[in-house]
Amino acid sequence: MAWTTDEAQALLGEVFAPWVQALALRVSAIEETGARFVLPGNPELSRGGGAGGGVVCGQAIGAAADTCSVVALSALNGAFRPCTTVDMTTHFLRPLPDGEAEITVTALSNGRRMATTRVDVRGLVDGAPGKLSASATCAFAYLDL
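To start, this report covers the structure provided alongside it. (Residues numbered from 1 in each chain as written. Predicted model: local features only at pLDDT ≥ 70, side-chain atom pairs only at ≥ 80, totals over all residues. Heavy atoms only, no water.)

Comments concerning the sheet that holds strand S8 (residues 128-142)
Across the sheet, which stays open at both edges, the six strands sit in the order S1-S2-S6-S7-S8-S5 with antiparallel pairing between neighbours. Each of the sheet's edge strands pairs with one partner strand only, and the pair in question is strand S1 (26-31) and strand S5 (83-92). This sheet shows a mean twist of 20° between the axes of neighbouring strands, independent of strand direction. (Pairing = 2+ DSSP bridges. Helix = DSSP H or I, 4+ residues; strand = E, 2+ residues; numbered from the N terminus. Axes fitted to C-alpha atoms, helices over the stretch in contact; angles between N-to-C directions.)

Looking at the packing of aromatic side chains
This structure, assessed with the given rule, holds zero aromatic pairs. Lying over the aromatic face of tyrosine 142, arginine 81 brings its terminal NZ or CZ to 3.6 Å of the ring centre. (Phe/Tyr/Trp six-rings, centres within 6.5 Å; stacked < 30°, edge-to-face > 60°. Lys NZ or Arg CZ within 6 Å of the ring centre and 35° of its normal.)

A short note on the nonpolar core
In a soluble, globular protein the nonpolar side chains are often hidden away together inside. In this structure, Leu23, Leu25, Phe37, Val71, Ile103, Val119 and Val121 are the most contacted members of the largest nonpolar core, which totals 39 residues. Those elements that provide at least two residues to this core are helix H1 (5-14), strand S2 (34-39), helix H3 (58-77), strand S6 (101-110), strand S7 (114-125) and S8. Per-element accounting of this core gives the leading share, eleven residues, to H3. Beyond its immediate sequence surroundings of up to four residues, phenylalanine 37 is in contact with Arg26, Val27, Ser28, Cys68, Val71, Ala72, Ala101, Glu102, Ile103 and Val105. (Core = buried A, V, L, I, M, F, W, Y, C linked by side-chain atoms within 4.5 Å. Buried < 20%, exposed > 50% of the residue type's maximum accessible area, 1.4 Å probe, protein only. Contact = heavy atoms within 4.5 Å.)

So, the pattern of salt bridges
Applying the stated criterion to the full structure yields five salt bridges. Between glutamate 31 and arginine 36 there is a salt bridge, and its shortest N-O distance comes to 2.8 Å. Across the salt bridge formed by arginine 118 and aspartate 120, the nearest N and O atoms sit 2.9 Å from each other. Here arginine 118 falls in the partly exposed class, since its relative accessible area comes to 34%. Using a relative accessible area of 15% as the deciding quantity, one classes aspartate 120 as buried. When salt bridges that share partners are traced, they join Glu31, Arg36 and Glu102 into one network. (Salt bridge = Lys/Arg side-chain N within 4 Å of Asp/Glu carboxyl O.)

Let's talk about the state of the cysteines
Counted under the stated rule, the structure contains zero disulfides. Among the cysteines around cysteine 57, which has no disulfide bond, cysteine 68 carries the closest sulfur, lying 15 Å off. Unpaired in terms of disulfides, cysteine 138 finds its nearest cysteine sulfur in cysteine 68, a separation of 9.7 Å. The buried category is assigned to cysteine 138, whose relative accessible area is 1%. (Disulfide = S-S within 2.5 Å.)

A short note on the layout of surface pockets
Its boundaries defined by the atoms lining it, the largest pocket holds a volume of some 180 Å³. Every residue along the wall of the largest pocket is listed here: Val15, Phe16, Ala17, Trp19, Val20, Ala63, Asp66, Thr67, Val70, Phe80 and Cys83. Sort the elements by how many residues they give to the lining of the largest pocket and H3 lands first, with four residues. By residue class, the composition of the lining of the largest pocket is nine nonpolar, one polar and one charged. (1 Å grid on protein atoms, 1.4 Å probe; cavity = no way out; pocket = protein on both sides within 12 Å on 5 of 7 lines; lining within 4 Å. Points joined across faces, edges and corners; volume = space filled by probe spheres on them. Nonpolar A, V, L, I, M, F, W, Y, C, P; charged D, E, K, R; others polar.)

Some details on H3
With 20 residues, H3 extends 29 Å from end C-alpha to end C-alpha; this agrees with the ideal 28 Å at 1.5 Å per step. For H3, a buried count of 15 out of 20 residues is recorded, marking the element as mostly surrounded by other parts of the structure. Positioned one or two residues after H3, glycine 78 has a phi angle of 75°, which is positive. (Expected span 1.5 Å × (residues − 1).)

Set out below in structure tokens:
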């Protein structure tokens, strides 16, 4: 049974390191094949250009993609399953401007031992997703066998 957004949001505060929690990710929707999140604007995640002119650094995008994947898989599984990232390929297509971003996670496979997700990251422009800034494919091994 899939989780509610509140249950998925609670997981972010329960099992992740404090620096991951500092990303302040918000669960905006749980869907049949994944979930949607918002990465709020945070000048501490940005580089270059000074106030209002920077872009979100790649390390923050990668951490958000990995974290959102684990939360989305947990929501789909109806429980947190301890797992480890075994592979992550990230493509940075264009700079992600300072400000809120939408992160969409789609579970490509979710088996007994392994799971794979696709993650799309888009800046939010007037509340609507803009052009694709980054895309990641993440593979996880479940540790609870």
